[in-house]
Amino acid sequence: MTYRWILPMALLLCVSTTAISVNYDLLRSQLRSSNSACLMLLRQLNGAPQRCPEDTMNFQVPEEIEQAQQFQKEDAALVIYEMLQHTLRIFRRNFASTGWNETIVENLLVKVHLQMDRLETNLEEIMEEESSTWGNTTILRLKKYYRRISQYLKAKKYSHCAWTVVQAEMLRNLAFLNALTDYLQN
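Residues numbered from 1 in each chain as written. Predicted model: local features only at pLDDT ≥ 70, side-chain atom pairs only at ≥ 80, totals over all residues. Heavy atoms only, no water.

The name given to the protein in an unreviewed UniProt entry is Interferon beta, with Equus asinus as the source organism. The UniProt entry for the protein carries the following text under Subunit (unreviewed entry): "Monomer." According to the UniProt record, the Sequence similarities (unreviewed entry) comment for the protein is "Belongs to the alpha/beta interferon family." (UniProt positions renumbered as here; feature names shortened; annotations may be inferred.)

Shown next as structure tokens:
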């Protein structure tokens, strides 16, 4: 009698695994598209770092992000989500002194939030299946990195030049996000 259940269970397992794999390919495609839109929006904000040479800053991106080695797709998804979450927090800060078009900033925030929503379903599955100590270390380093960016903005009183430097840093972040997105595949 137990043999009758083996074939249906095996088929269900195969279908479930295929469905999850397809989700990663779709997720990668959606994130790439959103990243491109975010890149375009960030460039429309018209920051000019060359006008603020005294405000340059090295925020010290975690090495494992800057020189991405072979990420597991689950780890990449966690790191991408964390980066998006902090990007959202940064751009919700006081950017009034920048003269940026608020509609562009709002569209950027919507795109970032949409990417986070797309990742959340996959992250719920990942969190149930794994407890990666690698991810925890990287996440801590990312939090420190984004804290440095936030502290920089605060120390510079959210000046136009400070925001221009942060804008350039966020453009770099999008390049890192694109590289990490490559790991979201079968």
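Back to the write-up after that little detour.
Take the nonpolar core next. Core analysis: the largest hydrophobic core is formed by 51 residues, its most contacted members being Ile65, Met83, Ile90, Phe91, Leu119, Trp163 and Val166. No other element matches the eleven residues that helix 3 (residues 73–91) contributes to this core. (Core = buried A, V, L, I, M, F, W, Y, C linked by side-chain atoms within 4.5 Å. Buried < 20%, exposed > 50% of the residue type's maximum accessible area, 1.4 Å probe, protein only. Helix = DSSP H or I, 4+ residues; strand = E, 2+ residues; numbered from the N terminus.)

With that settled, the discussion passes to unusual backbone geometry. Phi is positive for glutamine 60, which is not a glycine, with a value near 60 degrees. With phi around 55 degrees, lysine 157 is a residue other than glycine that occupies positive phi space. Mapped onto the elements, lysine 157 comes out in the loop between helix 5 (133–155) and helix 6 (160–181). Accessibility expressed as a relative area gives 70% for lysine 157, which makes it exposed.

Moving on, we come to the packing of aromatic side chains. Taken as a whole, this structure holds five aromatic pairs when the rule is applied. Relative to tryptophan 163, the ring of phenylalanine 91 has its centre 5.7 Å away and its plane inclined at 35 degrees; by these criteria the two rings are tilted. You can see phenylalanine 91 sitting in helix 3 and its partner tryptophan 163 sitting in helix 6, a full 72 residues away along the chain. Taken individually, phenylalanine 91 and tryptophan 163 each receive the classification buried, so the pair is uniform in this respect. Centroid distance tyrosine 145 to tyrosine 146: 4.7 Å. Interplanar angle 70 degrees. Geometry classified as edge-to-face. For the pair tyrosine 145 and tyrosine 146, one class covers both residues: buried. Counting every residue linked through ring pairs, the aromatic cluster contains Phe91, Trp100 and Trp163. (Phe/Tyr/Trp six-rings, centres within 6.5 Å; stacked < 30°, edge-to-face > 60°.)

The next subject is the packing of helix 3 against helix 6. One can describe the packing of helix 3 onto helix 6 by two numbers: an axis separation of 10 Å at closest approach and a directional angle of 160 degrees. Viewed along their axes, helix 3 and helix 6 adopt a mutual orientation that is roughly antiparallel. As helix 3 runs across helix 6, the sense of the crossing is left-handed. Of helix 6, the residues touching helix 3 (which contributes Ala76, Val79, Ile80, Met83, Leu84, Thr87, Ile90 and Phe91) are Trp163, Val166, Met170, Asn173, Phe176, Leu177, Leu180 and Thr181. (Axes fitted to C-alpha atoms, helices over the stretch in contact; angles between N-to-C directions. Parallel < 35°, antiparallel > 145°, perpendicular 65-115°, else oblique. Left-handed = near helix turned anticlockwise from the far one by under 90°. Contact = heavy atoms within 4.5 Å.)

With that settled, consider the side chain of threonine 98. On the secondary structure map, threonine 98 appears in the loop between helix 3 and helix 4 (102–129). Within the structure, the side chain of threonine 98 is placed 3.1 Å from the backbone nitrogen of tryptophan 100, a separation counted as a polar contact. Beyond its immediate stretch of four places on either side in the chain, threonine 98 contacts His160 and Trp163. (Polar contact = N/O pair within 3.5 Å; in protein donor to acceptor, adjacent residues only side chain to side chain.)

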